[in-house]
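# Chain and residue survey
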Amino acid sequence: MEINGITDIARYLTDEAAAQDALSKLRWPNGVQCPLCVGGKKVYETSYTTTARGKETVRKQWKCGACRKKFSVTSRSIFEGSHIPVGKWIYAIFLMCSSKKGVSANQLSRELDIEYKSAWFMCHRVREAMLQEPLAGMLGTGPDSIVELDETYVGGKKKNNRHAKRTAAAGRKTAVLTLIDREGDVKTVKVPNVRKGTLQALARPIVDQSATIITDAHLSYEGIGEYFAGHHTVDHSKTFVRGVIMHTNFAESYHSLLKRGIIGAFHHVSDKHLPRYLAEFDRRWNTRKERDGARTVDVIGTAIGKRLTYKATIG
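The residue count restarts for each chain, going from 1 along the sequence in the order it is written. In keeping with the predicted nature of the model, local features appear solely for residues at pLDDT of at least 70, side-chain atom pairs appear and are counted solely at 80 or more, and the whole-chain, interface and lining totals rest on all residues. Heavy atoms from the whole structure form the basis of all side-chain values; hydrogens and water molecules are not counted.

Our focus in this paragraph is the overall build of the protein. A count of helices and strands for the protein gives 10 helices and eight strands. If you line up the protein on its principal axes, its C-alpha atoms span 70 × 45 × 35 Å. The rule is simple: take the accessible area with a 1.4 Å probe, protein chains only, and divide by the maximum for that residue type; under 20% is buried, over 50% is exposed, in between is partly exposed. The proportion of buried residues among the 315 residues of the protein is 48%. Contact between two residues is taken to exist if any of their heavy atoms lie within 4.5 Å; hydrogens are not considered. If you take every contact in the protein between residues at least 6 apart in sequence, the share linking residues at least 24 apart comes to 62%. Residue-level accessible areas treat just the shown protein chains as cover; the underlying method is Shrake-Rupley with a 1.4 Å probe. A total accessible area of about 16,100 Å² is found for the protein, and carbon and sulfur atoms account for 50% of it. Strands are runs of DSSP state E lasting at least 2 residues, helices are runs of H or I lasting at least 4, and numbering of each runs from the N terminus.

As for its placement among the helices and strands, Ser75 is situated in the loop between β3 (70–71) and α3 (86–98). Ser75 gets classed as buried once you look at its relative accessible area, which sits at 10%. Pairing of N or O atoms within 3.5 Å defines a polar contact, subject to two protein rules: one partner must be a possible hydrogen donor and the other a possible acceptor, and residues neighboring in sequence count only if both atoms are side-chain atoms. Looking at Ser75, its side chain comes within polar contact range of the main-chain nitrogen of Ser72, at 3.0 Å. Discounting chain neighbours no more than four positions away, the residues touching Ser75 are Arg27, Pro35 and Glu80.

Aromatic ring pairs are reported here in terms of the distance separating the ring centres and the angle at which the planes meet. Under the pairing criterion, centres of Phe, Tyr and Trp rings, with the six-membered ring standing for Trp, must be within 6.5 Å; the plane angle then separates stacked pairs below 30 degrees from edge-to-face pairs above 60, leaving the rest tilted. For the coordinates displayed, the defined rule picks out eight aromatic pairs. Taking the centre distance of 5.7 Å and the plane angle of 80° together, the rings of Trp28 and Trp62 count as edge-to-face. Of this pair, Trp28 sits in the loop between α2 (16–27) and β1 (43–52) while Trp62 sits in strand β2 (residues 55–64), placing them 34 residues apart in sequence. With respect to class, Trp28 is no different from Trp62; both count as buried. Note on Trp28 and Phe71: the rings are 6.0 Å apart at their centroids and 75° apart in plane angle, and the pair reads as edge-to-face.

Turning next to the pattern of salt bridges. A side-chain nitrogen of Lys or Arg and a carboxyl oxygen of Asp or Glu constitute a salt bridge if their distance falls within 4 Å. By the definition in use, this model includes 10 salt bridges. When the shortest N-O distance is used, the salt bridge between Glu128 and Arg276 registers 3.3 Å. Linking Glu128 in helix α5 (residues 116–130) with Arg276 in helix α8 (residues 274–286), this pair joins segments that are 148 residues apart in sequence. You'll find Glu128 and Arg276 in the same group, each marked buried. The partner of Arg295 in a salt bridge is Asp292, and the shortest N-O contact between them spans 2.9 Å. One end of the pair, Arg295, and the other, Asp292, are both in helix α9 (residues 292–302), three residues apart, so they sit about a helical turn from each other. Here Arg295 falls in the buried class, since its relative accessible area comes to 6%. We classify Asp292 as partly exposed; its relative accessible area is 32%. Via salt bridges that share partners, Arg76, Glu80 and Arg307 belong to a single interconnected network.

What follows covers the side chain of Arg127. Along the chain, Arg127 falls in helix α5. Arg127 gets classed as buried once you look at its relative accessible area, which sits at 2%. A distance of 2.6 Å separates a polar atom in the side chain of Arg127 from a polar atom in the side chain of Glu280. If sequence neighbours within four positions are ignored, Arg127 has contacts with Met96, Val103, Phe266, Arg276, Tyr277, Ala279 and Glu280.

And the structure:
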């Protein structure tokens, strides 16, 4: 599958067979294999029809000669069990990968002509695909590496939460710790508080000991230099930048994108679903050097093997 821009996505919206074929080739570049019995190559092709909102969609299906079970290109993936055409899934993933501040479920509902509930669940399934595995290596492993640490509070404004069953928790902010390697990736974690023990305990297993840590003057970071190559602080009450290197501009930039997305696109984010939203923003930042099309294909690839049910989403 090759996606260079929105023009490559458009044909999948009108040609569902092409969308399914593209996903099949991405998933099984060496030929269709059964995902249910792990590697059954003797398969028989068939098809079935689904109906959503009065529209019929024909989908390919295969039967494994080994386990005798039927499967489709969406089996064992975030797309499994969905009646939404594969072409619309690809378009939704492209929008979420190309929009710096994210895309709301309302916008997807309008553009894809699907129910809001379906669009909301769709977004969370894509975020599940965006959730990256634990870091293969620590942040700050390069020579003379610098890692910025900064905490903030997110969650949206109380007036933006117009849910019919809004509780007293509406508008309550949630603490988030951002660890960002200036030459690499970012890792954002929801934290129960911003106390010294909490923040430093989270940073130690994520950041390499050879890295230099730069933070603001928050008292919770005092003594963190004992675990790393060095620690420098910037007191924002006196100055924004100390010299050329001593600043937390990278972390501040990331927080700006995160907060603008939450307030501008989503309006309100619950504490329960916040980790998935953080995974979405982390994934876009960590692939910022890639083109939107390449990022989309990458996310579709990581959607294979993951599953998120509606029951698990609403808890």
